[in-house]
2 protein chains.
Amino acid sequence: SLEVSNNDAQTSHETAIIPGLINIASFIPSFDDFESATRASLVSGFTYNAFLPQTAEGCTVVDSESLSNAISNATEFAYTDFSISIAALETNADGIEEAASNAGALFIPFNEFSSSKVSSISKHFASWPANKPIITDAKSTNLASVLLLAALHNRTLHVNSVSSKEDLDLIKMAKEKALQVTCDVAVYSLFLSQEQYPELELLPTKSDQEYLWANLKDIDCFSIGVLPYLIAKSIHQRLVPGLGVTETLPLLFSAVKAGKLTIQEITEKFHDNPMKIFNFPKQDASIEIDLDRLIPSTRKLGLSPFDRKQLQGSVNRVSFHNQTVCLDGEIVAQQAVGKHEVGNKGRSLSMVQQSPTLGRKSRLS
Amino acid sequence: SLEVSNNDAQTSHETAIIPGLINIASFIPSFDDFESATRASLVSGFTYNAFLPQTAEGCTVVDSESLSNAISNATEFAYTDFSISIAALETNADGIEEAASNAGALFIPFNEFSSSKVSSISKHFASWPANKPIITDAKSTNLASVLLLAALHNRTLHVNSVSSKEDLDLIKMAKEKALQVTCDVAVYSLFLSQEQYPELELLPTKSDQEYLWANLKDIDCFSIGVLPYLIAKSIHQRLVPGLGVTETLPLLFSAVKAGKLTIQEITEKFHDNPMKIFNFPKQDASIEIDLDRLIPSTRKLGLSPFDRKQLQGSVNRVSFHNQTVCLDGEIVAQQAVGKHEVGNKGRSLSMVQQSPTLGRKSRLS
Ligand SMILES: [Zn+2]
Ligand SMILES: [Zn+2]
Ligand SMILES: [Zn+2]
Ligand SMILES: [Zn+2]
Ligand SMILES: [Zn+2]
Ligand SMILES: [Zn+2]
Ligand SMILES: [Zn+2]
Ligand SMILES: [Zn+2]
């Protein structure tokens, strides 16, 4: 599905057509922002948003009712296809499996658990349907403990926003032992570090960041996540919807230009692997990117953590549902064209069965 | 090896002969106390002490040199056979494997690790020889994370002083998935609770304590550990050597009389299972116990957490190394008869090979 060509003859710009990208950890500060956030997504090349259950208010989607409300709201306003995850809490393991069929995934926000972490997370692993993904943001020993519970319950686990060598090494070791674990790195983590924002522990240190770059092959997906919002708050940047989404591809395209990354890797980590891991429904969507186009410095982002003059590459055209929906950074679709689309059972189950079970590799080697 | 009879004719007391018992987590406040502590052990029916690497000063045995010193010291003064474990620290993973052949086990005192817990504990699992036991006192999510690392490194792990339903459930689940994990409960945890000593988080709550009693079959060993010392400090009891050892068997014998426990279970958890798990060398040692004898109230323990009038049962005789070394609570051995005895490689290795590897059970079922 990847075509790279020099068809922008007048300017000899390099262009490429790749599938519509998938935002696997899409954070919006408020569920009033579905329209503006998904418009910004679509223009930026993302045709699917898997929304996190948290907003600036904390965990917002926590049961069938809050999930239904969020879905109705998004259905009315979304310009991209989407799903919404439900948050695992200490108290909602009994009951949320009813909401599972409508949910994108179960998201375990580890720091929301105060006591009895092991037993309540274990309950979630036991009751959440096996064909639905589980995602966590746990780090360090907490990550190790969630990984153990996933293994004991024979569950797949996706680790969101890995930011340290220690955590990536743990995940690599778990993969070597055939645990069913995958991970993503937030794109901002590849470009910003704790040295620049000492108050943001979610960012990697400079040396952890170098390790992430050096081990991209072990990182299944890219994500956007909550980091752009946290950084914006910390530098008093305007909290516009779509924050981070707008800058993510230019950051990556510039890395391609710098020889640090290939377009193939972007497609893999923002489309192919997310499709496999989360079993998203197939989309009829593609984007045409121009790797040389400079980023207009007039975009209304206010203060930014990046020197925008250093960035280049942008999305020329987005095709979605058999029509051109964006052209040169403008939405040409007449209405909210997004649909609520969650993975279906059959495919998801078969994926789980194909995966080797805990320990298989260690037995064979 | 268990004989129960009524051979104490004059008093119709019930007596039994069982193997010399093994103190798998023997804490002494100072390594100056080997003589007094092992004398108290021997009189109380324990013919083997596996000493913890900590004293009241903190981690004391941390490298080859401190281990050798402790062993020389103990060899001179010990009245029981013994081994000494070495403490895993954040900084000593490189190097302590040299000390392994002389060490009883590697003890991972989880709370001593401040940062990089996962990577430093992982290093220890990678470098500590496979034929030597690893013990940890980790709890809750920390326990889950150590369990994962043990599983990823295909290592056996013994969990010391389990005190909550949550941790025991986790261990049960890990055993069901064929992880190579065993555990012990400190005897004091079966009789004292946080309700009595709110400042002692190492004690179980009353309901956790009931769960421990109800699930004795899943508890591999009994231990004595550090609890008697901590409780003594908290109630300003005199810190005599052998604290806790003296009261442990009377507590258990009284539970036997109350129908809550069998002598067989005591033998299993204080001898048979420790032998299997830690591969201690076979001892020629037996003790004769009198289940009905009242505990002399004149013992010089000072204040005690227990109502001594409620306790009965005591050790009449200890035979060790082919001689009677204790009679009616008095040592009759002429000198320190204990030897430094650590498990040998061959047997230990074969035990590891017999154990199912991680995940095997889940694959078969
Ligand atoms: Zn161009
Ligand atoms: Zn389960
Ligand atoms: Zn696609
Ligand atoms: Zn669609
Ligand atoms: Zn008697
Ligand atoms: Zn290893
Ligand atoms: Zn024996
Ligand atoms: Zn001996």
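Quick note: structure is the one above.
Residues numbered from 1 in each chain as written. Chains lettered and ligands numbered in written order. Predicted model: local features only at pLDDT ≥ 70, side-chain atom pairs only at ≥ 80, totals over all residues. Heavy atoms only, no water.

Caption draft 1: Seen up close, the overall build of chain A. Scanning chain A from terminus to terminus reveals 11 helices and 17 strands. The proportion of buried residues among the 365 residues of chain A is 59%. Just so you have it, chain A exposes about 14,400 Å², and 48% of that area is on carbon and sulfur atoms. (Helix = DSSP H or I, 4+ residues; strand = E, 2+ residues; numbered from the N terminus. Buried < 20%, exposed > 50% of the residue type's maximum accessible area, 1.4 Å probe, protein only. Areas by Shrake-Rupley, 256 points an atom, 1.4 Å probe, with all protein chains shown as cover.)

Caption draft 2: Region of interest: the interface of chain A and chain B. Across the boundary between the two partners, chain A contributes 28 residues, which contact 27 residues of chain B. Where chain A abuts chain B, roughly 2,300 Å² becomes buried across the two surfaces, and 70% of that area is made up of carbon and sulfur atoms. For the pair chain A and chain B, the number of links is zero salt bridges. At the junction of chain A and chain B, the tally comes to four residue pairs in polar contact (both at pLDDT 80 or more). (Contact = heavy atoms within 4.5 Å. Buried area = accessible area lost by both parts, 1.4 Å probe. Salt bridge = Lys/Arg side-chain N within 4 Å of Asp/Glu carboxyl O. Polar contact = N/O pair within 3.5 Å; in protein donor to acceptor, adjacent residues only side chain to side chain.)

Caption draft 3: The pairing of strand β4 (residues 46-51) of chain B, seen in detail. Residue and element names in this part refer to chain B. In terms of burial, β4 is largely enclosed, as six of its six residues are buried. Inspection of the sheet shows strand β3 (residues 21-26) paired to β4 by four bridges, in the parallel sense. If you follow isoleucine 22 over to β4, its bridge partner there is tyrosine 48. In this fold, the crossover linking β3 to β4 by way of helix α1 (residues 34-43) has right-handed handedness. Inspection of the sheet shows β4 paired to strand β7 (residues 81-84) by four bridges, in the parallel sense. Bridged to tyrosine 48 within β7 is aspartate 81. (Pairing = 2+ DSSP bridges. Right-handed = clockwise from strand over helix to strand, strands pointing away.)

Caption draft 4: Inspection of the packing of aromatic side chains at higher detail. Tallied over the entire structure, the rule returns 20 aromatic pairs over all chains. Arranged with centres 5.0 Å apart and planes meeting at 50°, the rings of phenylalanine 27 of chain A and tyrosine 229 of chain A form a pair that is tilted. Here the residue phenylalanine 27 of chain A occupies a position in the loop between β3 (21-26) and α1 (34-43), and tyrosine 229 of chain A occupies one in helix α7 (residues 227-234), the gap between them amounting to 202 residues. Each of the two residues, phenylalanine 27 of chain A as well as tyrosine 229 of chain A, counts as buried. With a centroid separation of 5.0 Å and an interplanar angle of 75°, the aromatic rings of phenylalanine 34 of chain A and phenylalanine 51 of chain A are classed as edge-to-face. With phenylalanine 34 of chain A in helix α1 and phenylalanine 51 of chain A in strand β4 (residues 46-51), the pair connects residues that are 17 residues apart, well separated along the chain. In this structure, phenylalanine 34 of chain A and phenylalanine 51 of chain A share a single accessibility class: buried. The structure contains a cluster of three or more aromatic residues connected by ring pairs, namely Phe31, Phe34, Phe51 and Phe82 of chain A. In this arrangement the basic side chain of lysine 260 of chain A is found over the ring face of tryptophan 213 of chain A, its NZ or CZ atom lying 4.1 Å from the centre. Over the ring of tyrosine 211 of chain B we find lysine 165 of chain B, and its NZ or CZ is 4.8 Å from the ring centre. (Phe/Tyr/Trp six-rings, centres within 6.5 Å; stacked < 30°, edge-to-face > 60°. Lys NZ or Arg CZ within 6 Å of the ring centre and 35° of its normal.)

Caption draft 5: Structural view of the sheet that holds strand β7 (residues 81-84) of chain A. Residue and element names in this part refer to chain A. Here three strands make up an open sheet; going across it, the order is β3-β4-β7 and the pairing parallel. Every other strand in the sheet has two partners, leaving β3 and β7 as the edge strands with one partner each. Strand-to-strand twist of the sheet, defined as the mean angle between neighbouring strand axes without regard to direction, takes the value 15°. Along the sheet face, helix α9 (residues 263-278) touches β3 and β4 and points at about 60° away from the line of β3. (Axes fitted to C-alpha atoms, helices over the stretch in contact; angles between N-to-C directions.)

Caption draft 6: How the structure looks around the side chain of serine 145 of chain B. Relative to the helices and strands, serine 145 of chain B resides in helix α4 (residues 140-152). On the basis of relative accessible area, serine 145 of chain B is assigned to the buried category, the value being 1%. Apart from the residues lying within four places of it in its own chain, the contact partners of serine 145 of chain B are Thr141, Ala144 and Ser145 of chain A together with Phe110 of chain B.

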